[in-house]
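Letter by letter, the chains look like this.
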Amino acid sequence: MLLEVLQGTEAGGFILLQDTVSYSGRHLLKSYISTALKRLHFHNAYSDPLGWTGNSAFTVHQFTLEDVSTLIKQTPQAKAVTLVIDSLSWILRHHDPAAVCQRLQALKKGGAVRTVIVLVHTDMHQRGTVGSIRHLATSVVTVAPGTRGLGAVAKTTRRTKSGKLMQDEETFSINEDLSVTIHSKLSHPGHTHVNTDETEVDPTANLTFNLRLSDTERQAKEKLALPFVFSKEKKSALLQPGPGSGRILYEPDANDDYDQEDPDDDLDI
Amino acid sequence: MFAELNSILNSSPESFKQGEFILVSDRQTDASFLIHHFLSFYLRAGCKVCFLGLVQSFSHYSAVSQRLGVSLNQAREKGQLVFLEGLKESLGVLLQGDTSNGTPALDFLRDPSSGLRGLYDFVHGNIRGSEGRAEDWGPPVLMVDDLSVVLSLGVSVGAVLDFSHYCRATFCSELQGTMVILVRCEAEEEEEESDEGSERLQRGLTHQCSLTLQVQGLPTGYCRDIHGEVEVCWRGRCDGLQIQRKLFQYKVCDKGTLFFARGTSSAVL
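Residues numbered from 1 in each chain as written. Chains lettered and ligands numbered in written order. Predicted model: local features only at pLDDT ≥ 70, side-chain atom pairs only at ≥ 80, totals over all residues. Heavy atoms only, no water.

Asks: Which residues make up the packing of aromatic side chains, and what values go with them?
Replies: The full count for this structure, using the stated rule, is 16 aromatic pairs over all chains. Seen in terms of ring centroids, tryptophan 52 of chain A and tyrosine 166 of chain B are 4.4 Å apart; in terms of plane orientation they differ by 20°. Their pairing is stacked. Here the residue tryptophan 52 of chain A occupies a position in the loop between helix H2 (26–36) and helix H3 (65–74), and tyrosine 166 of chain B occupies one in helix H8 (residues 157–174), the pair thus bridging two chains. Taking the relative accessible area as the measure of exposure, tyrosine 166 of chain B reaches 1% and is therefore buried. Look at phenylalanine 51 of chain B and phenylalanine 83 of chain B: their rings are 5.1 Å apart centre to centre, the planes differ by 5°, and that puts the pair in the stacked class. (Phe/Tyr/Trp six-rings, centres within 6.5 Å; stacked < 30°, edge-to-face > 60°. Helix = DSSP H or I, 4+ residues; strand = E, 2+ residues; numbered from the N terminus. Buried < 20%, exposed > 50% of the residue type's maximum accessible area, 1.4 Å probe, protein only.)

Asks: Describe in detail a positive patch on the surface, supporting the description with residues and values.
Replies: All names here are of chain A. A surface patch of positive charge is lined by Lys38, Arg39, Lys79 and Arg114. In this fold, arginine 114 is placed in the loop between helix H5 (97–109) and strand E3 (115–121). A relative accessible area of 43% means that arginine 114 is categorised as partly exposed. (Patch = residues over 30% accessible without salt bridge, like charges linked within 9 Å, V, L, I, M, F, W, Y side chains within 5 Å. Areas by Shrake-Rupley, 256 points an atom, 1.4 Å probe, with all protein chains shown as cover. Salt bridge = Lys/Arg side-chain N within 4 Å of Asp/Glu carboxyl O. Lys, Arg positive; Asp, Glu negative; His and termini not counted. Charge placed at Lys NZ, Arg CZ, Asp CG, Glu CD.)

Asks: Tell me about the pairing of strand E6 (residues 211–216) of chain B, residues and numbers included.
Replies: For a regular strand, side-chain orientation follows a simple rule: the groups alternate between the two sheet faces. Residues and elements named next belong to chain B. Both strand E1 (residues 21–27) and E6 contribute to a ladder of six bridges, which runs parallel. Bridged to leucine 23 within E6 is threonine 212. Where E6 and strand E7 (residues 228–234) come together, six bridges link them in antiparallel fashion. Counted as the bridge partner of glutamine 214 is glutamate 231 from E7. (Pairing = 2+ DSSP bridges.)

Asks: How would you sum up the interface of chain A and chain B? Please name residues and give values.
Replies: Opposite the 32 residues of chain A that make contact, chain B presents 29 residues. For the pairing of chain A and chain B, the buried interface totals around 2800 Å² over both sides, and the portion due to carbon and sulfur atoms is 54%. For the chain A face of the interface with chain B, the top three residues by lost area are Tyr46, Trp52 and Met124 of chain A, together amounting to 30%. Scanning the region where chain A abuts chain B turns up one salt bridge. With its nearest N and O atoms 3.1 Å apart, the salt bridge here joins arginine 93 of chain A to aspartate 162 of chain B. Where chain A touches chain B, the interface holds 17 residue pairs in polar contact (both at pLDDT 80 or more). For the side of chain A that touches chain B, the secondary structure elements donating two or more residues are H2, helix H4 (88–94) and strand E6 (165–174) of chain A. (Contact = heavy atoms within 4.5 Å. Buried area = accessible area lost by both parts, 1.4 Å probe. Polar contact = N/O pair within 3.5 Å; in protein donor to acceptor, adjacent residues only side chain to side chain.)

Asks: Lay out the sheet that holds strand E4 (residues 138–145) of chain B in plain terms, naming residues and giving numbers.
Replies: Residue and element names in this part refer to chain B. Strand order in the open sheet formed by nine strands is E3-E2-E4-E5-E1-E6-E7-E8-E9, with mixed pairing between adjacent strands. Among the strands making up the open sheet, the edge pair consists of strand E3 (81–85) and strand E9 (257–261). Within this sheet the neighbouring strands show an average axis-to-axis angle of 20°, counted without direction. The sheet contact formed by E7 and strand E8 (residues 245–252) spans six bridges and is antiparallel. Counterpart to valine 230 in the pairing with E8 is phenylalanine 248. Contacts from helix H5 (residues 86–96) reach strand E2 (47–53) and E3, with the element oriented near 45° to E3. (Axes fitted to C-alpha atoms, helices over the stretch in contact; angles between N-to-C directions.)

Asks: Lay out the pattern of salt bridges with the relevant residues and their values.
Replies: Side-chain pairs of opposite charge can arise whenever the charged atoms involved come near each other. Residue and element names in this part refer to chain B. Considering all chains together, one arrives at 11 salt bridges over all chains under this definition. A salt bridge links arginine 67 to aspartate 254, with the shortest nitrogen-to-oxygen separation between them at 3.5 Å. Here arginine 67, found in helix H3 (residues 58–68), pairs with aspartate 254, found in the loop between E8 and E9; they are 187 residues apart in sequence, far enough to count as distant. The network of salt bridges with shared partners includes Asp26, Asp30 and Arg184.

Asks: Break down a nonpolar patch on the surface for me, with residues and values.
Replies: A cluster of nonpolar residues, Leu207, Phe209 and Leu211 of chain A, forms a patch on the protein surface that exposes about 300 Å² of accessible area. Its location among the elements puts leucine 211 of chain A in the loop between strand E7 (180–185) and helix H7 (215–223).

Asks: How would you sum up the environment of phenylalanine 51 of chain B? Please name residues and give values.
Replies: Summarising the element assignment, phenylalanine 51 of chain B is placed in strand E2. Of the residues examined, phenylalanine 51 of chain B reaches a relative accessible area of 0% and is grouped as buried.

Asks: Give a description of unusual backbone geometry that names residues and reports values.
Replies: Along the chain, aspartate 86 of chain A connects to serine 87 of chain A via a cis peptide bond; the corresponding omega equals -10°. As for its position among the elements, serine 87 of chain A is in the loop between strand E2 (82–85) and H4. Aspartate 146 of chain B follows aspartate 145 of chain B through a cis peptide bond whose omega is -15°. Along the chain, the position of aspartate 146 of chain B falls in the loop between E4 and H8. Although it is not a glycine, glutamine 28 of chain B adopts a positive phi angle of roughly 60°. Checked against the element boundaries, glutamine 28 of chain B lands in the loop between E1 and helix H2 (32–44). The class of glutamine 28 of chain B is exposed, set by a relative accessible area of 69%.

In C-alpha cells, the structure reads:
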C-alpha cells in the first residue's frame, strides 16, 4: 500500500508522513517527489524564514491562505497543484496548531491545491497536535527503523472516500535513485518476533564433541525407568509380599499404647 | 585531534566532508573531549573557526589544545580563530546593566524572550567580515560549547532551534562549512512530553543535523578503564538496507582518547 500512496494514485488527498529521530522521513518524501510529481517548483523558505537577514523569499508568518494562494498563482500552469511541505513541524513551532489545521483545510477546500503532502516530526510536538493533523489526513505513513537493521518499517493507514479504513505494515528501503523497494509485508503487525524462529541457531552444530542422539540411543533413553519414579509395577511389587521377602511380626506392646489424655493409664471414667 | 576518531568518522584534516552539521550530545557524562578533538582538527585543517565558549574560559581550551599540539593563542592572533568568551562578556552585560556597553551577542541575558538573534548576528558578522581574506582559510567552522546552557538562562527551546536553523543555513548550506554543537541532556525522570527541556532541544537538533555523536556513561556503572560509550549515527544517507550507526567505547587519557569496539578494551583483553 505504501507504493500506491507514493505513486500518487490517490488524487486529491492529504498525505501525512510521520517520523521520529530514529529514522528520517525526508528520504521517503524525496522518493515521493521524484516518482509522483512531474514538475517541481521550489519555494525557498529555508534560508530566512524569520526575516533575520532581511532577504527572505518566504517567511513562516506568510503561511496564510492568501499568501500561499498568491505563491501558487505565480507559478505557471498552476492546475492540479500538489503542495509539499517539508516540514510542517517548523510551522507548528511558530503558529498555533489550530490555525495551521484551519489554513491547511482552507487551502484544500478552496481549490488552490488538490493534493497536500506534509512531513511531521512526531517527537517534537505534543500528542494532541499530531493527532489533530492526523484527523485532516486521508493517508498516514509512519516510518520507524526496522528491527535488526534491515531497512525501515512503514505503517500505512488509508481512509477512502467511502469511509473504509485500510492498514498495512511493510519493510522497505530506498535505493540510490530514490525509488522504494518493498521487502516484506508483515500481515500481523504485532508478531514481528515470529520471524526470529527461522534464524535460530542450532546449538549442537559445530562442536568438537557429539551432542546428538542416534535412533537406537533415543529409544534406549526413553525405555529407561528412573529409580525413584513410582510406577504401577513397582507399587504392586511392594504391596504383595513375594517369596523370600522379609516378614514383619508384631505383637502389641503396652508401652506403645500411649494415650495423650491419660498418660499414666490410671483414669477410670 | 584523535587519530582513532578520525578513522571512525572517515575524515582527516586534509580531506573532510563539507556542509556537515555535527551534533555532540551527552547524558550524565562529559563529552567535552570531543569538542577539543574537533577544535584541534579544524584548526589543523586550516579552517576559520568561530568558537562560542559559553561554559569555559579561553585559557581552559588553550591548555588542553596545547597538549593536543595546537596553539590557540597563535590561531587567535593570526585571525584563524574567533573566540567569544561567554563567561567574561556576560559579566559586563549583567553588572553594568547599560545597553550601550557589551556586545549585542549576549543580549539574551538581558531579555531571554528575545531569543538568540543577537548571537546569530555576531556569528554572521564575524564570518562575513573577513571577505577580503576569505581565501586564506578553508571553509568556515562554527563551534558551540555548549548550547543547552542557554535553556537554563530562560531562552526557549524554539528560539534555540531557530538559531541553529539559521546557523545551518549560513554555515552548512551557503558557505559549505561545518557546524559542531555540544548539547548536554539531563536525565529527566518523568516520561511525559515536556515542552521545554534539553531532551526536546536534543531531538530538534538531531532532526536538523547530519552526524550525531551521543556519549553516555556505561550502563553498568563506573569503570576505571572504560569511561563510557559513544554512538555515532550518520543521518544524511540511507545506504540501501543499513542505517549507519556504530557504537564504541572510549577512555580519555592525558594526551588523547582511545576508542575501541565494545568489549575490546585493553584492560579486558
